[in-house]
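# Overview (structure and organization)
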Amino acid sequence: MAILNVLKYPDENLHIVAEQVKEVDEEIKTLISDMFDTMYELNGVGLAATQVDRHVRVVVIDVSEERNQPQVFINPKIIASEGEIEGEEGCLSVPGIYDKVTRAERITVSAWDENGEIFNLETDGLLAKCIQHEIDHLNGKVFVEYLSRLKQNRIKSKLLKQAKKEFA
Ligand SMILES: [Zn+2]
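So, here's what we can say about the structure. (Residues numbered from 1 in each chain as written. Predicted model: local features only at pLDDT ≥ 70, side-chain atom pairs only at ≥ 80, totals over all residues. Heavy atoms only, no water.)

## Remarks on the pattern of salt bridges
Scanning the model with the defined rule gives six salt bridges in all. The shortest N-O distance in the salt bridge between Arg-106 and Glu-122 comes to 2.9 Å. With Arg-106 in strand E4 (residues 99-112) and Glu-122 in strand E5 (residues 118-124), this pair connects stretches of sequence that are 16 residues apart. When its relative accessible area of 28% is taken as the criterion, Arg-106 is described as partly exposed. Taking the shortest distance from any N to any O, the salt bridge between Asp-124 and Arg-106 comes out at 2.9 Å. Residue Asp-124 is found in strand E5, and its partner Arg-106 is found in strand E4; the two are separated by 18 residues along the sequence. Salt bridges here are not isolated pairs; linked through shared partners, they connect Glu-89, Arg-103 and Asp-136. (Salt bridge = Lys/Arg side-chain N within 4 Å of Asp/Glu carboxyl O. Helix = DSSP H or I, 4+ residues; strand = E, 2+ residues; numbered from the N terminus. Buried < 20%, exposed > 50% of the residue type's maximum accessible area, 1.4 Å probe, protein only.)

## Quick notes on the coordination of the zinc ion
Donor atoms from the polypeptide that coordinate the zinc ion comprise Cys-91 (SG), His-133 (NE2) and His-137 (NE2), at 2.0 to 2.2 Å from the metal. Each donor residue of the zinc ion lies on the same chain, and together they follow the pattern C-x41-H-x3-H. Here Cys-91, found in the loop between strand E3 (71-89) and E4, pairs with His-133, found in helix H2 (residues 125-138); they are 42 residues apart in sequence, far enough to count as distant. Residue class for Cys-91 comes out buried when judged on its relative accessible area of 11%. For His-133, a relative accessible area of 6% puts it in the buried group. (Donors = N, O, S within 2.8 Å, 3.2 Å for Na, K, Ca; no water.)

## Section: H2
Side chains of residues three or four places apart in an α-helix project in the same direction, reflecting 3.6 residues per turn. Compared with an ideal rise of 1.5 Å per residue, which puts 14 residues at 20 Å, H2 spans 21 Å between its outermost C-alpha atoms and is within 8% of the ideal. Of all the 14 residues making up H2, 11 are buried; the element is thus mostly covered by neighbouring parts of the structure. Listed as buried for H2 are Leu-127, Ala-128, Cys-130, Ile-131, Gln-132, His-133, Glu-134, Ile-135, Asp-136, His-137 and Leu-138. Turning to H2, the residues buried within the fold contact strand E1 (46-48), strand E2 (58-61), E3, E4 and E5. (Expected span 1.5 Å × (residues − 1). Contact = heavy atoms within 4.5 Å.)

Everything listed is a geometric property; what it means functionally is a separate question.
Encoded structure:
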């Protein structure tokens, strides 16, 4: 069990674009297992490798109430989307901040599972929202960047203040 350090906005490394995984080797498997440990420990519903400062296209998600349905998405790609829906989002990299973001309502995602097998999944609701949020992380985008400049600046200074307190 390993709890990884989660980068906090506005850390510059959150803007690095992650690279495709070429093969699910031991290193990737360890990363996946550590990412689940970290996500469950911090009570998140999803975590992208970018957030733990590893810039490969790996996402872990569990949207179940019981926290017993881990899902892995390697090299995820949205191949179809439909509709629009506005919903509140939060992020382990932006602690304490929640705001509304508009996303596709229904998506089909194509990805590899933890064994490197390709699969397609059509979904909506919380899972669809979460997959889109995590793929954004892999592309170097944090959800607050959908908000107004003014809001982003407020969030930035709030989080920088918090970080200073933690180190004081
Ligand atoms: Zn996030």
